[in-house]
Amino acid sequence: MPSAPSAASVPAFALNGRTVLALQMEVPEAASRDVARLVRRAGGRTVLNLAPVPPDLDDKRLRALCESIDWLIVNESELAAAARCLEVSLETPQEAGTR
């Protein structure tokens, strides 16, 4: 099994304003945050797919992840999990765009 990415494993020449990093929750959160911050400092962008949502995800961890990324990708079940973490009530996923 390959190891999780780390900021130390990303060569500096690979990072610039055109860098786009795609992450998912199968990578340890701390490693994802570190690499995302490195990409951001280089002027790049980061996309996080919240799948699979960890069963113990809480608002503090979700907010920390969101602070280090540019775009968050969710499906209906991931949106519902994120809403629960943030204590936001959504009757339907479509309501998320109106808040």
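Above: the structure in question.
Here's what I pulled together on the structure shown here. (Residues numbered from 1 in each chain as written. Predicted model: local features only at pLDDT ≥ 70, side-chain atom pairs only at ≥ 80, totals over all residues. Heavy atoms only, no water.)

Before going further, it helps to spend a moment on the sheet that holds strand β2 (residues 45-49). Two modes of strand pairing occur in sheets, parallel and antiparallel, and in both the strands are linked by backbone hydrogen bonds. Pairing is parallel in the open sheet, where three strands are placed in the order β1-β2-β3. Only two strands of the sheet have a single neighbouring strand rather than two, namely β1 (20-24) and β3 (71-73). The mean inter-strand angle of the sheet, taken between neighbouring strand axes irrespective of direction, is 20°. Where β2 meets β3, three bridges bridge the pair, whose relative direction is parallel. Across the sheet, V47 pairs through a bridge with W71, a residue of β3. The strands that helix α1 (residues 29-41) touches are β1 and β2; relative to β1, the one it contacts most, it runs at about 165°. (Pairing = 2+ DSSP bridges. Helix = DSSP H or I, 4+ residues; strand = E, 2+ residues; numbered from the N terminus. Axes fitted to C-alpha atoms, helices over the stretch in contact; angles between N-to-C directions. Contact = heavy atoms within 4.5 Å.)

A word on helix α3 (residues 76-85). Those residues of α3 that sit buried are E78, L79, A81, A82, A83 and C85. On its buried face, α3 is in contact with β2, α2 (59-67) and β3. Taken from the residues just after α3, E87 is the one with a positive phi, measuring 55°. (Buried < 20%, exposed > 50% of the residue type's maximum accessible area, 1.4 Å probe, protein only.)

Their axes nearest at 9 Å, the elements α1 and α2 cross at an angle of 25°. As the angle between them shows, α1 and α2 are arranged roughly parallel. Both α1 and α2 take part in a crossing whose hand is left-handed. Counting all contacts with α1, which are made through E29, R33, R37 and R40, the residues of α2 involved are R61, A64, L65 and E67. Considered class by class, the residues forming the contact of α1 with α2 number two nonpolar, no polar and six charged. (Parallel < 35°, antiparallel > 145°, perpendicular 65-115°, else oblique. Left-handed = near helix turned anticlockwise from the far one by under 90°. Nonpolar A, V, L, I, M, F, W, Y, C, P; charged D, E, K, R; others polar.)

None of this, on its own, says anything about what the molecule does.
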